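Each chain, written out:
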Amino acid sequence: MNNKAILLVNLGSPDTTNVPDVKRYLGEFLMDKYVIDVPFLIRFLLVKGIILNFRPKKSAEAYASIWWDEGSPLIVLSKRLQKLVQKDSKLPVGLAMRYANPSIKAGIEELLEKQPQCKEIFVFPLYPHYAMATTLTVLEKTREVVKKYFPQLKIKYIESYYDHPSYIDALANSIKKGLAGKKKKHLLFSFHGVPERHVRKTDPTKKHCMKVNNCCYSDCKEAHRYCYSHQVHRTARLVVEKLNLKEEDFTIAFQSRLGNDPWLSPATDATIERLAKEGIKDLAVACPAFVSDCLETLEEIGEEGEEIFHEHGGKNYTLIPCLNEDPAWVNTIHELIADKKLHLTL
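Within each chain, residue numbers correspond to sequence positions counted from 1 in written order. pLDDT decides what is reported in this predicted model: residues at 70 or higher carry local features, side-chain atom pairs at 80 or more are listed and counted, and totals for whole chains, interfaces and linings draw on all residues regardless. Only heavy atoms go into the side-chain values, all of them from the structure, while hydrogens and water stay out.

**Student:** Go over the sheet that holds strand β7 (residues 282-286), please, and point to the residues and values.
**Tutor:** A strand pair is defined by DSSP finding two or more bridges across the two strands. Counting from the N terminus, the helices are the DSSP runs of H or I reaching at least four residues and the strands are the DSSP runs of E reaching at least two. Within the open sheet, the four strands sit side by side as β6-β5-β7-β8. Their pairing is parallel. The open sheet has two free edges, formed respectively by β6 (250-255) and β8 (316-319), since each of these has just one partner strand. When strand polarity is set aside, the average angle formed by the axes of neighbouring strands in this sheet is 25 degrees. Strand direction decides the pairing type here: strand β5 (residues 186-192) and β6, joined by six bridges, are parallel. In the sheet register, Leu-187 faces β6, and the bridge partner there is Phe-250. Residue contacts are defined here by distance: any two heavy atoms, one from each residue, within 4.5 Å place the two residues in contact. Working convention: axes come from line fits to C-alpha atoms, limited for helices to the stretch in contact. Angles between N-to-C directions cover 0 to 180 degrees. Strands in contact with helix α11 (residues 295-311) are β5, β6, β7 and β8; relative to β8, the strand with the most contacts, it is inclined by about 170 degrees.

**Student:** Outline the side chain of Asp-32, listing residues and values.
**Tutor:** Mapped onto the secondary structure, Asp-32 falls in the loop between α1 (19-30) and α2 (40-66). Think of it in three bands: residues with accessible area under 20% of the maximum for their type are buried, residues over 50% are exposed, and the middle band is partly exposed, with areas taken using a 1.4 Å probe on protein chains only. For Asp-32, a relative accessible area of 7% corresponds to the buried category. Here a polar contact is recorded for every N or O atom pair within 3.5 Å, except that within protein the pair must consist of a potential hydrogen donor and a potential acceptor, and residues adjacent in sequence are included only if both atoms are side-chain atoms. There is a polar contact of 2.5 Å between the side chain of Asp-32 and the side chain of Thr-137. Among residues more than four places away in sequence, those in contact with Asp-32 are Arg-43, Arg-98, Tyr-99 and Thr-137.

**Student:** Tell me about the pairing of strand β4 (residues 154-157), residues and numbers included.
**Tutor:** A one-sided burial pattern is seen for β4, the buried positions being Ile-155 and Tyr-157 and the unburied ones Lys-154 and Lys-156. Note: strand β3 (residues 120-125) against β4, four bridges, orientation parallel. Along β4, the bridge assignment pairs Glu-120 with Lys-154. Crossover handedness is defined here as right-handed if the route from the first strand over the helix to the second strand goes clockwise, with the strands pointing away from the viewer. The parallel pair β3 and β4 is bridged by helix α5 (residues 132-149), and the resulting crossover is right-handed.

**Student:** Give a detailed account of helix α12 (residues 327-338), specifying residues and quantitative values.
**Tutor:** Residues spaced three or four apart along an α-helix face the same direction, because each turn holds 3.6 residues. Taking 1.5 Å per residue as the helical rise, α12 with its twelve residues ought to reach 16 Å, and the 17 Å between its terminal C-alpha atoms agrees with that figure. Trp-329, Val-330, Thr-332, Ile-333, His-334, Leu-336 and Ile-337 are the residues of α12 that are buried. Along its buried surface, α12 packs onto β1 (4-13), α3 (73-87), β3 and α6 (165-179). Here a helix's expected span is defined as the number of its residues, less one, multiplied by 1.5 Å.

**Student:** Let's hear about empty space enclosed by the protein: which residues, and what values?
**Tutor:** Using a 1 Å grid laid over the protein atoms alone, points where a 1.4 Å probe fits but cannot get out form a cavity; open sets with protein on both sides within 12 Å along at least 5 of 7 lines form a pocket; any residue with an atom within 4 Å of a point counts as lining. Grid points are joined across faces, edges and corners, and a volume is the space filled by probe spheres set on the points. For the structure on display, the rule yields two cavities of 30 Å³ or more. What lines the largest cavity is simply Leu-171, Ser-174, Ile-175, Ala-286, Cys-287, Pro-288, Phe-290, Ile-320, Pro-321, Cys-322 and Leu-323. Note on residue classes: Ala, Val, Leu, Ile, Met, Phe, Trp, Tyr, Cys and Pro are nonpolar, Asp, Glu, Lys and Arg are charged, and everything else, Gly too, is polar. Its residues placed into classes, the lining of the largest cavity shows ten nonpolar, one polar and no charged. Considering the residues around the second largest cavity, the lining is formed by Tyr-130, Ala-131, Met-132, Val-194, His-198, Val-199, Thr-202, Tyr-226, Cys-227 and Tyr-228.

**Student:** Kindly report on the pattern of salt bridges, identifying the contributing residues and their values.
**Tutor:** We count a salt bridge whenever a side-chain nitrogen from Lys or Arg sits within 4 Å of a carboxyl oxygen from Asp or Glu. With the rule as written, the count across this model stands at 20 salt bridges. A salt bridge links Arg-237 to Glu-247; its shortest N-O distance comes to 2.4 Å. Of this pair, Arg-237 sits in helix α9 (residues 228-243) while Glu-247 sits in the loop between α9 and β6, placing them ten residues apart in sequence. Taking relative accessible area as the criterion, Arg-237 reaches 25% and is therefore assigned partly exposed. Residues joined by salt bridges that share partners form a network here, namely Asp-37, Arg-197, Lys-201 and Asp-261.

**Student:** Explain the packing of aromatic side chains to me, and be specific about the residues and the numbers.
**Tutor:** Side-chain rings of Phe, Tyr and Trp, where Trp is taken by its six-membered ring, are said to pair if the distance between their centres is within 6.5 Å; with planes under 30 degrees apart they count as stacked, over 60 as edge-to-face, and otherwise as tilted. This model, assessed by the stated rule, comprises 17 aromatic pairs. Considering the side-chain rings of Phe-189 and Phe-191, the 6.2 Å spacing of their centres and the 10 degrees angle between planes classify their relative orientation as stacked. As far as the burial class goes, Phe-189 and Phe-191 line up, both buried. With a centroid separation of 6.4 Å and 35 degrees between ring planes, the pair formed by Phe-191 and Phe-254 is classed as tilted. Taken together, the positions of Phe-191 in strand β5 and Phe-254 in strand β6 put the pair 63 residues apart, joining distant regions of the chain. Put simply, the rings of Phe-122, Phe-124, Tyr-161, Tyr-167 and Trp-329 touch in pairs and so form one group of aromatic residues. Geometrically, a lysine NZ or arginine CZ counts as sitting over a ring once it is within 6 Å of the ring centre and also within 35 degrees of the ring normal. Across the ring face of Tyr-149, the terminal group of Lys-105 is positioned such that the distance to the ring centre comes to 4.7 Å.

**Student:** Talk me through helix α10 (residues 268-277); I want residue IDs and the actual numbers.
**Tutor:** The set of residues buried in α10 consists of Thr-268, Thr-271, Ile-272, Leu-275 and Ala-276. Take α10 and look down its axis: the buried residues cluster within an arc of 135 degrees, on one side only. Check the buried side of α10 and you find it contacts β5, β6, β7, α11 and β8. Think of the arc as the fan of directions from the helix axis to the C-beta atoms.

Below, the structure is given as structure tokens:
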């Protein structure tokens with residue numbers, strides 16, 4: 001076992017809330033071909049010529065509103081998670097971010113410093129659901145880095161774990177805590193959105209996703225293996241079953257839309273407004289696409305979402321924390337790493 005190690009990989013965050021740092025982070029993130037999947041020249045003109053001329057200042061203000069004394073919530077929480085996983089692991093546990101710092105290269109270098117004889121690294125993407133802009137880009141970046149700098153290393157990984165019993169149990173229990181109280185709360189699952197074309201692109205059959213009626217619930221294991229839409233709906237349904245909720249007790253929506261192309265729907269902001277107008281007074285929102293609280297949960301849902309809800313008649317609004325440092329989540333990570341049947345070779 002002394003020749004193996006574990007690398008947890010999360011999304012990333014700007015180093016500070018200063019506009020130059022936010023601009024640098026957004027540039028790396030939005031220039032990823034798996035995030036904005038258009039030809040390079042168009043992506044370059046869109047990102048460098050338009051988005052980075054106005055978005056960084058607004059994003060910097062948003063980050064400042066949720067920034068902790070220790071730094072970015074996502075980075076702080078990811079480091080805490082790393083320590084908790086390391087505590088019960090005989091293998092060195094490293095941490096990397098797909099964008100900004102610590103980079104995947106830096107994460108591997110740190111592991112090799114701890115374990116010079118390391119020959120195999122298990123890459124654990126901190127994304128329960130498979131998508132081009134999450135799991136795929138982490139794996140492709142890891143492949144690129146290993147090929148260039150660490151050709152001696154063997155890389156294994158887990159693809160997605162959206163329906164793993166341990167993950168579902170941990171998620172359901174955390175949501176149950178958020179629903180607790182004297183008054184019954186309506187549960188809103190707010191998953192990060194993706195363009196519909198991403199779902200079609202990741203369908204290996206090219207004839208199921210967005211083409212078959214009710215495709216997310218129609219059986220097709222080959223397509224569903226890489227279908228973000230199916231996987232998030234499956235996660236929500238499994239949690240609902242665990243919590244014994246009725247159809248009228250929950251809603252599924254998608255946040256963080258960018259651009260004018262069709263995205264998975266309905267949109268979270270419009271859904272929060274609709275629920276408030278329909279008379280929902282007590283709303284709890286969970287964001288299961290994220291395992292660590294971040295800008296998209298704390299600011300977009302925690303701040304903007306609550307404002308929308310109150311503006312349209314809602315009364316009590318609860319943001320359910322992500323799994324973060326939950327012991328059950330830490331246990332899930334250990335279970336997934338230990339189950340070699342789930343391991344794939346990069």
